[in-house]
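# Observations on chain architecture
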Amino acid sequence: MSLEQPKDNRLGIVVSGSVTRGVEVKLDSSSLVEGMVVGRYVTIQGERQRFFGMITDVSLEVIDPRLAITPPDVSDPFIAEVVAGTSTYGKLHVRPMLTIGSDAMSILEGPQPVKTVPAHFSAVELASQQDVEQVFGQVSEGQFWIGTPLDMIETKVRLDLGELTKRSNGVFGKSGTGKTFLTRLLLMGILQEGAAANLVFDMHSEYGWEGYSEGGRKVKALKQLFPTKVAVFALDEENARRRQVSADFIVKIGYDEIEPEDIVMLSETLNLTEAAAQAPYRLARHFGGQWLESFLNVEGREEVGELAASLGEHEATLAALRRRLETLRRLPFLVAHAPDNSVKRILEYLDRGISVVLEFGRHTDIAAYILVANLLTRRIHAQYRERTERAMGEDRALPRPLVITIEEAHKFLSPEIARQTIFGTIAREMRKYNVTLLVIDQRPSGIDEEVMSQLGTKITCLLDNERDIDSVLTGVVGKSELKAVLAKLDTKQQALIFGHAVPMPVVVRTREYGSAESYKDLGFREAAELKRRAEQDIEELWGES
Amino acid sequence: MPFKIGEVVQASTSQFQAECYELHGSPPFGSLVKTGDGLIDVYAVVYNAATTSIEPGRHPIARGRDEMAEEDIYRSNPQLAKLLRTEFEALVVGHREAGCLRHYLPPQPARIHGFVYVCEPDEVREFSRSFDFLRLLLDARVPASAEELVAACLRQASQAHQDPRTFLVSAAKEVVILLNGQLDSLNAILRRIKA
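The notes below deal with the structure included here. (Residues numbered from 1 in each chain as written. Chains lettered and ligands numbered in written order. Predicted model: local features only at pLDDT ≥ 70, side-chain atom pairs only at ≥ 80, totals over all residues. Heavy atoms only, no water.)

### Examining the sheet that holds strand 10 (residues 169–172) of chain A
Residues and elements named next belong to chain A.
- With mixed pairing, 12 strands are arranged side by side in an open sheet as 9-8-23-22-21-10-20-19-11-18-14-15. With partners counted over all chains shown, the strands left at the sheet margins are strand 9 (157–158) and strand 15 (249–250), one partner each.
- Here 3 bridges tie strand 8 (residues 145–149) to strand 23 (residues 506–510), and the two strands are oriented antiparallel to one another. Following the sheet pairing, Thr148 is matched in strand 23 by Arg509.
- In the packing of helix 6 (residues 179–193) onto the sheet, the strands contacted are strand 8, strand 9, strand 10, strand 11 (197–202), strand 14 (230–234), strand 18 (355–359), strand 19 (402–406), strand 20 (435–441), strand 21 (457–460), strand 22 (494–499) and strand 23, and the crossing angle to strand 20 comes to about 160°. (Pairing = 2+ DSSP bridges. Helix = DSSP H or I, 4+ residues; strand = E, 2+ residues; numbered from the N terminus. Contact = heavy atoms within 4.5 Å. Axes fitted to C-alpha atoms, helices over the stretch in contact; angles between N-to-C directions.)

### Focus: the side chain of Ser185 of chain B
- As for its position among the elements, Ser185 of chain B is in helix 7 (residues 183–193).
- Residue classification places Ser185 of chain B among the buried residues on the basis of a relative accessible area of 15%. (Buried < 20%, exposed > 50% of the residue type's maximum accessible area, 1.4 Å probe, protein only.)

### Comments concerning the nonpolar core
- Membership of the largest hydrophobic core comes to 142 residues, with the highest contact counts inside it found for Leu159, Phe201, Leu318, Leu321, Leu325, Ile404 and Phe423 of chain A.
- Sort the elements by how many residues they give to this core and helix 15 (residues 366–394) of chain A lands first, with 12 residues.
- For Leu321 of chain A, the contacting residues outside a window of four places in its chain are Ile263, Leu272, Ala276, Ala279, Pro280, Leu283 and Phe295 of chain A.
- The next biggest cluster of nonpolar side chains, apart from the first, holds 43 residues, and it includes Phe78 of chain A together with Phe127, Ala160 and Leu186 of chain B. (Core = buried A, V, L, I, M, F, W, Y, C linked by side-chain atoms within 4.5 Å.)

### What about the pairing of strand 4 (residues 40–53) of chain B?
Residues and elements named next belong to chain B.
- Both strand 3 (residues 32–36) and strand 4 contribute to a ladder of 5 bridges, which runs antiparallel. Residue pairing across strands places Gly36 opposite Asp41, the latter belonging to strand 4.
- The antiparallel pairing of strand 3 with strand 4 creates a hairpin that spans 3 residues between the two strands, and Gly38 there sits at a positive phi of about 100°.
- Relative to strand 5 (residues 84–97), strand 4 is paired through 13 bridges, and the arrangement is antiparallel. When the bridges of strand 5 are listed, Asn48 appears paired with Glu89.

Quick look at the structure:
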């Protein structure tokens, strides 16, 4: 040992480890145990390559167990200082995630997944900004970034939105942890980079015109920042008018557009029995396209009884079904026959690359949400499917990628119905047809396992229910370590991102949103500035001859 | 020029004994001294010192009954300074050969009548940059305990460093590693060197 001072960033050395478990790092006595935070990045300089990893646990160790029984007199600062790092030391558990080679070839290839461990006593350092940029890519002008890694204000974490929109994704987190904020940011990113068109089923009217921050402050939403790229559709015209939102289209849905499958989706919400949920199929066969209206028009016990007899259904089942479906009549956007075809309108906008936000206004009850989202999505899905197949057959460009955002996703994707509904199908296989989902949910454990496993990128804020954490982390390498990280997230502005859009799991402090500065960052220009710029352009164009 | 303090009168590979030129002029317990023939300098840590009669059979007798002060005894009996001598023993902890400092035993023992010098602070600082010599001190069988010796040596060396406390902390950390599990010895040393 010598008196030489250790390097600034050095934390310690690797003392043991394995590929499956990660490596153990003994902290140098100069590194403060309390300064180590789970989720922070470190680099390990191996003999041939550098490893990039994440701290997943911090522990305290003693060389001699007797010390724990008769502790030294640490009230004396001298003894405390001597004992730290020698008799007692801190240990880090680090999960190496990527390797960074040093030769030209490997720099071109970029970071690669880890397939080995660094040699004994390799030096471990805190990752520098440069390291993090090498891993997450540098953010250039106009590119979207989601936030900064923990304790690195300067470094921006970029999401590969091209990769992101190729698959279905999920945003999870307990209520009040910032799911809406994150989702709004993500949608803006997708708009900013033009990675895909969005269709947002906006239950609480937070994404279209403006939303509210946790503190009750108004924040601009998509339409305000990207007026030419976003259209707001409203289900509740009156509500939109009261909020002074100029909706581009008022959605009305005809009874004839509702299909038996839509009712199956509602079986849990409307508390339908299995038999009642299946009855609409028979009704549809019996009545044809107008089945719902016809069925609701069947009044009186006798008529129901006759209908039941002719369908071979239980009379009580039909009566119960009818009673429950009666609630749909109270939804003002449901009309006997819609004056305009909403699906067609939505598709028109999407085709022009304009994202559509469907605001539900006052219709925040889950039945309305599920009904509308399912109904519209099913038809849009059919259209996309047809177009993609035609495009493939005729060797033309595929339709523009579409991301459908749904909230309360467990109501659409619960194990009981995920296999039957359109959302389950999209999550499982629609990647081929360029349609993907962005599911937002606070109870990920309520979502079908198969669907969860198909999500490409998961962004999760704090979760503390064991089952929710388990379901989010299904199939991830280093699950137990990430679990520790996930349960220790702050309740605000922090999220764990892992999956295809990032090279390795990353804990980010989500970027600030809601200030003038942040809007500008996302490409928003005030009217005055736009005008000035236009004038400048005109001047440059015509000159002052 | 380093201060010449005495001369080697007995030597082995691992230690030597030297007689001081001045009565009671032994270097401090735990201090670093050196002796050499020009080719190899031997470094050693003082672990014992004693003042005795030059003739083993003749013990000093008490003479100060009528004197007012201690110095008066020597003034009234000037022969005393010649009949008594101060010797010290030092444990070899390293050597310098061809300009290269090594913290282990030299190939040859120190030479009899080799001059012994007290090391200057610069040299102490250079020597104590590495703590490898602590092992030799801890393993030595010395009249005072090894813990006393190590503590004294570190205290002495720390005076040569600009920041004695940092030096002592680093040294103590090394001691902790060397004394793996020997909590009693460790505590004894730590208590003796804490600043």
